[in-house]
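# Survey of secondary and tertiary structure
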Amino acid sequence: MKTGDSEEYKNVLLFWIIIACILVAILTGMSIYFYDVSSKDVEIADGIIPRKEYQAIYLLPKEKHADDKYRLNDFLVAASRIGIRAYAVDNISNNEECLESIRTYVERDVSIIVSPSRKLNECINSAVKEYGNTQKVYFVSAYDKNLKSSDKLITFKVHLYQVYYLGGVIAANVNTDTDESFFFVVSDLNEDAYRNINAFTIGVRKYKKNGVVKVVVLKSKNENIQYAQLVDALRKNPGVRLMTADYTDVTVDDFCEQKMYYCIRYDRDFASKYFSSNIASIIVDYRGFFSRVLSRTVTNSFEPGNYLLDVSTGTVRITNFNAGIIPPNTLQSLDLMFSNFMGRSDNIFSGPLYDNEHRLRLDKGSVLQDSPKQIFSMDWFVEGVSVE
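Take the pattern of salt bridges next. Taken as a whole, this structure holds 16 salt bridges when the rule is applied. Close ionic contact of Asp192 with Lys157 constitutes a salt bridge, the shortest N to O distance being 3.7 Å. You can see Asp192 sitting in helix 6 (residues 191-207) and its partner Lys157 sitting in strand 5 (residues 153-158), a full 35 residues away along the chain. Accessibility expressed as a relative area gives 3% for Lys157, which makes it buried. The shortest N-O distance in the salt bridge between Glu303 and Arg292 comes to 3.3 Å.

Listed below in structure tokens is the structure:
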């Protein structure tokens, strides 16, 4: 072969290699673009490890929690990696419909039933009782004191209060024109809200002794009414320039962005969508938990009981820090505090603790434990909390 022919051959070969790479990139992009993770009747094909004898369903009530889109996606990712065929059953209206769905899928050899909503716990109680002696049928549900324990049931509870404490530390130290007041927006005053608000307030008052956290309980699910309520809260408290919330809500996000409010948000997407008003983001990642539960189930080592998911388990973290307004020494302190939480060597709720009516709730030297009778059941506010 002549030298010229050889060079021409190499050029042609290079050309077709480039064309092949472009086609692979286009096909890969299309597969990512059209990948559907919608929550209704989602099916994932078996993954690398064949587990065809195991299938799982994820039950979603009609009225969803703001966290459901993340939990569902994490569940589907975990199932796919392990090789379990997974389905999502959406818009379940009541416990009877829930139980009927479980029966239908068990008949189709589904053996892992995941129900993260407390609204369906009556259904889970009935199903656990009905299938208690059935092999290879297991249940995973959000913790509820009304759920009856069983060797076929795993419950889980997420504790966010540690990262809300860190959020309070950030709020007290950010370089903004603000007084010593902060907004905390909630949809409902349940035990989780009490715990998270109290932790945030303790974090604030660690650096601002007279700091006040003003709690705004949204009175409606209508976005226009919610927005008007936040505007009214701002009118009454013009000096407050920082806000956080205990759930994902587009109204709070939009309010922060449009009013130039600095926000610490509970949302994976907040920092990228609302960059100019972001301080930090609180994130919950369920993939590790679901991977552990599903993998142990398919290897016949199902471990019933209650799982506490928090900073120490890698489920909860705070990230997307706005270094432009958070002082470097505060970021360093956050790293140390986070490490202490990882090692369970620090307790936020330690005495003396007073409630917001200045009554002593916890003696000096005492601590509240992660248990149903203590931190789980908190129903009072610490000193410094004011409900709007």
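Once that is clear, we can look at the packing of aromatic side chains. Under the criterion given, the structure shown has 15 aromatic pairs. Centroid distance Tyr165 to Phe341: 6.1 Å. Interplanar angle 80 degrees. Geometry classified as edge-to-face. In this pair, Tyr165 is assigned in helix 5 (residues 161-173) and Phe341 in helix 11 (residues 328-342), connecting sequence segments 176 residues apart. In this pair, the class of Tyr165 matches that of Phe341, namely buried. Ring geometry for Phe289 against Phe290: centres 5.4 Å apart, planes inclined by 50 degrees, an arrangement best described as tilted.

It is worth spelling out the packing of helix 3 (residues 95-107) against helix 4 (residues 121-130) at this point. Any two packed helices are characterised by how steeply their axes cross, that is the angle between the axes, and by the distance between the axes. Running from amino to carboxyl end, helix 3 crosses helix 4 at an angle of 40 degrees, the nearest separation of the two axes being 8 Å. With respect to helix 4, the element helix 3 is oriented oblique. In this structure, helix 3 meets helix 4 at a crossing whose hand is right-handed. The segment helix 3 lies against helix 4, with Asn95, Cys98, Leu99, Ile102 and Arg103 engaging Asn121, Glu122, Cys123, Ile124, Ser126, Ala127 and Glu130. Partitioned by chemical class, the residues of the contact of helix 3 with helix 4 number 6 nonpolar, 3 polar and 3 charged.

Right, let's get into the nonpolar core. Counting 78 residues, the largest nonpolar core has Phe75 and Phe349 as the members making the most contacts within it. With 8 residues, helix 5 is the single largest residue contributor to this core. Residues within four places of Phe349 in sequence aside, it is in contact with Tyr161, Arg195, Asn198, Ala199, Ile202, Leu362, Ser366, Val367, Leu368, Ile375 and Met378. Counting residues in hydrophobic clusters, the runner-up holds 22 residues, among them Ile57, Cys98, Tyr105 and Leu153.

Here we come to the sheet that holds strand 7 (residues 212-217). Strand order in the open sheet made by the 7 strands is 12-10-9-8-6-7-15, with mixed pairing throughout. Of all the strands in the sheet, the pair left with one neighbour each is strand 12 (316-319) and strand 15 (385-387). The average angle at which neighbouring strand axes cross in this sheet is 20 degrees, direction not considered. In terms of strand pairing, strand 9 (residues 262-266) meets strand 10 (residues 278-284) through 4 bridges, oriented parallel. The residue bridging Arg265 from the neighbouring strand is Ser281, located in strand 10.

Here we come to the state of the cysteines. As used here, a disulfide is simply a covalent bond connecting the sulfur atoms of two cysteines. One pass over the structure, following the stated rule, counts 1 disulfide. The disulfide that involves Cys98 links it to Cys123, with 2.1 Å between the sulfurs. Classification of the bridge connecting Cys98 and Cys123 rests on its S-S torsion, roughly -70 degrees, and on that basis the disulfide is left-handed. With Cys98 in helix 3 and Cys123 in helix 4, this residue pair connects regions lying 25 residues apart in the sequence. Both residues of the pair, Cys98 and Cys123, belong to the buried class.

Once that is clear, we can look at the pairing of strand 6 (residues 181-186). Most of strand 6 is tucked away: 6 of the 6 residues are buried. Side chains Ser181, Phe183 and Val185 project from strand 6 onto one buried face, and the interleaved Phe182, Phe184 and Val186 project onto a second face that is buried too. Pairing geometry for strand 6 and strand 7, over 6 bridges, is parallel. Across the sheet, the residue bridging to Phe182 is Val213, located in strand 7. In terms of strand pairing, strand 6 meets strand 8 (residues 242-245) through 3 bridges, oriented parallel. Counterpart to Phe183 in the pairing with strand 8 is Met243.

Rules used in this analysis
In every chain, residue numbers begin from 1 and rise along the written sequence. Under the rules for a predicted model, residues below a pLDDT of 70 receive no local features and side-chain atom pairs below 80 are neither given nor counted, while totals for whole chains, interfaces and linings still include all residues. Side-chain numbers here rest on the full set of heavy atoms in the structure, without hydrogens or water. Counted as salt bridges are all cases of a side-chain nitrogen of Lys or Arg within 4 Å of a carboxyl oxygen of Asp or Glu. Strands are runs of DSSP state E lasting at least 2 residues, helices are runs of H or I lasting at least 4, and numbering of each runs from the N terminus. Buried means the residue's accessible area, taken with a 1.4 Å probe over protein chains only, is under 20% of the maximum for its type, while exposed means over 50%, and partly exposed covers the values in between. Each pair of aromatic rings taken from Phe, Tyr and Trp, with Trp reduced to its six-membered ring, is defined by centres within 6.5 Å and is described as stacked if the planes are under 30 degrees apart, edge-to-face if over 60, and tilted in the remaining cases. Helix axes are fitted to C-alpha atoms over the stretch in contact, other axes to C-alpha atoms as well, and angles between N-to-C directions run from 0 to 180 degrees. Here the angle decides the label: under 35 degrees means roughly parallel, over 145 means roughly antiparallel, 65 to 115 means roughly perpendicular, and every other value means oblique. Take the far helix as the reference: if the near one is turned anticlockwise from it by less than a right angle, the crossing is left-handed, and if turned clockwise, right-handed. We call two residues in contact whenever any of their non-hydrogen atoms come within 4.5 Å of each other. Only Asp, Glu, Lys and Arg are considered charged in this grouping, and only Ala, Val, Leu, Ile, Met, Phe, Trp, Tyr, Cys and Pro are considered nonpolar; every other residue, Gly among them, is considered polar. Buried Ala, Val, Leu, Ile, Met, Phe, Trp, Tyr and Cys residues that are joined via side-chain atoms within 4.5 Å together make up what is termed a nonpolar core. Pairing between strands is defined by DSSP: at least two bridges between them are needed. Cysteine sulfur pairs qualify as disulfides if the two atoms are within 2.5 Å.

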